[in-house]
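If you want the building blocks of each chain, they are given just below.
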Amino acid sequence: SVMMRLRDALGHLVRSAITHGIEPREVRESFGKNPSGFVKLEGHCVRSRAVIRVIDDGGGVDIEEVRRKAVRLGILRENEALTEDGLLDVLTQPGFSTRESADGLAGRGIGLDVVAGAVRALDGHIEMTTRQGVGTIFTIVTNTVGRPPSCSRTSNAQFESIRRMFIRFSIETR
């Protein structure tokens, strides 16, 4: 099913939201945010398409930080601007990470390129909306492979099972 084929990609997006998106407690408090951040995984079906979102209320993607790292890696030229439209293209470059060092959850260079590849393999696409200081939303839209014109109960049950798994994961990583 679509959900099972996207399980690893969704896991990466959840880990990324936790490690890159959610700010430390003291930073969140200084911005007047709830000291505990949230990551929400939601999904629904529209005819033969699955729509899955990973939403966080973290710091959002720092476009300038991504641009500087992309210049250092030779992805962008020094004088080349990075717009929000081009941001996802840079973030999905193989091996791209804004982390300087790796830990158990991030900075290993296994990034959004893997997510984008998994989504493309299902004839889908990925979108990102981000606001500095507010958070980021990744939206995956893909075909419900081999399904009739609407999603089945099985797909919805599998989504719920995966969602519960990530809830446990996010609690255990705190």
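Residues numbered from 1 in each chain as written. Predicted model: local features only at pLDDT ≥ 70, side-chain atom pairs only at ≥ 80, totals over all residues. Heavy atoms only, no water.

A. Layout of the sheet that holds strand S2 (residues 49-56). Pairing is antiparallel in the open sheet, where 4 strands are placed in the order S1-S2-S4-S3. Two strands bound the open sheet, and with one partner strand each, they are strand S1 (39-46) and strand S3 (125-131). Each adjacent strand pair in this sheet contributes to an overall mean axis angle of 15°, direction not counted. Here helix H2 (residues 7-21) sits on the sheet and contacts S1, S2 and strand S4 (135-143); the angle it forms with S2, its principal contact strand, is near 20°. Set on the sheet, helix H5 (residues 84-91) makes contact with S3 and S4; between it and S3 the angle comes to about 120°. (Pairing = 2+ DSSP bridges. Helix = DSSP H or I, 4+ residues; strand = E, 2+ residues; numbered from the N terminus. Axes fitted to C-alpha atoms, helices over the stretch in contact; angles between N-to-C directions. Contact = heavy atoms within 4.5 Å.)

B. Main features of the pairing of S3. Burial of S3 is one-sided: the residues Ile126, Met128 and Thr130 facing one way are buried, the residues His125, Glu127, Thr129 and Arg131 facing the other way are not. Sheet topology note: the S3/S4 ladder contains 7 bridges and is antiparallel. Bridge pairing in S4 places threonine 130 opposite threonine 136. Hairpin geometry of S3 and S4 is characterised by an intervening segment of 3 residues between the two adjacent antiparallel strands and by a positive phi of about 80° at glycine 133. (Buried < 20%, exposed > 50% of the residue type's maximum accessible area, 1.4 Å probe, protein only.)

C. Just helix H4 (residues 63-72), in detail. For H4, the set of buried residues is Val66, Arg67, Lys69, Ala70 and Val71. Those residues of H4 that are buried lie in contact with H5.

D. Seen up close, the nonpolar core. Membership of the largest hydrophobic core comes to 31 residues, with the highest contact counts inside it found for Leu6, Leu10, Val66, Leu91 and Ile140. At the level of elements, helix H1 (2-5), H2, S2, H4, H5, helix H6 (112-121), S3 and S4 are the ones that each hand at least two residues to this core. Among the elements that make up this core, the one with the highest residue count is H2 (5 residues). Apart from residues no more than four positions distant in its own chain, leucine 91 is found in contact with Val61, Val66, Phe96, Leu112, Asp113 and Met128. (Core = buried A, V, L, I, M, F, W, Y, C linked by side-chain atoms within 4.5 Å.)

E. Summary view of the pattern of salt bridges. Under the counting rule described, the total for this entry stands at 8 salt bridges. One salt bridge connects aspartate 57 with arginine 28, and the closest N-O pair in it is separated by 2.6 Å. In this pair, aspartate 57 sits in the loop between S2 and H4 while arginine 28 sits in helix H3 (residues 25-30), placing the two residues 29 residues apart along the sequence. Across the pair, exposure class does not vary: aspartate 57 and arginine 28 are buried alike. Put simply, glutamate 64 and arginine 67 hold a salt bridge, and the shortest N to O gap is 3.1 Å. You can see glutamate 64 and its partner arginine 67 sitting in helix H4, 3 residues apart, about one turn around the helix. (Salt bridge = Lys/Arg side-chain N within 4 Å of Asp/Glu carboxyl O.)

F. Spatial organisation of the environment of threonine 130. For threonine 130, the position within the fold is in strand S3. Separated by 67 residues in the primary sequence, threonine 130 and isoleucine 63 have C-alpha atoms spaced 9.5 Å apart. If near-sequence neighbours (up to four positions away) are discounted, threonine 130 is found in contact with Gly60, Val61, Glu84, Leu87, Gly135 and Thr136. A distance of 2.8 Å separates a polar side-chain atom of threonine 130 from the backbone nitrogen of valine 61. (Polar contact = N/O pair within 3.5 Å; in protein donor to acceptor, adjacent residues only side chain to side chain.)

G. Up close: the packing of H2 against H6. It is at 9 Å that the axes of H2 and H6 come closest, and there the two elements cross at 145°. In the packing of H2 onto H6, the handedness of the crossing is left-handed. For the pair H2 and H6, the contacting residues are Ala9, His12 and Leu13 in the first and Leu112, Val115 and Ala118 in the second. Of the residues that constitute the contact of H2 with H6, the class distribution is 5 nonpolar, 1 polar and no charged. (Left-handed = near helix turned anticlockwise from the far one by under 90°. Nonpolar A, V, L, I, M, F, W, Y, C, P; charged D, E, K, R; others polar.)

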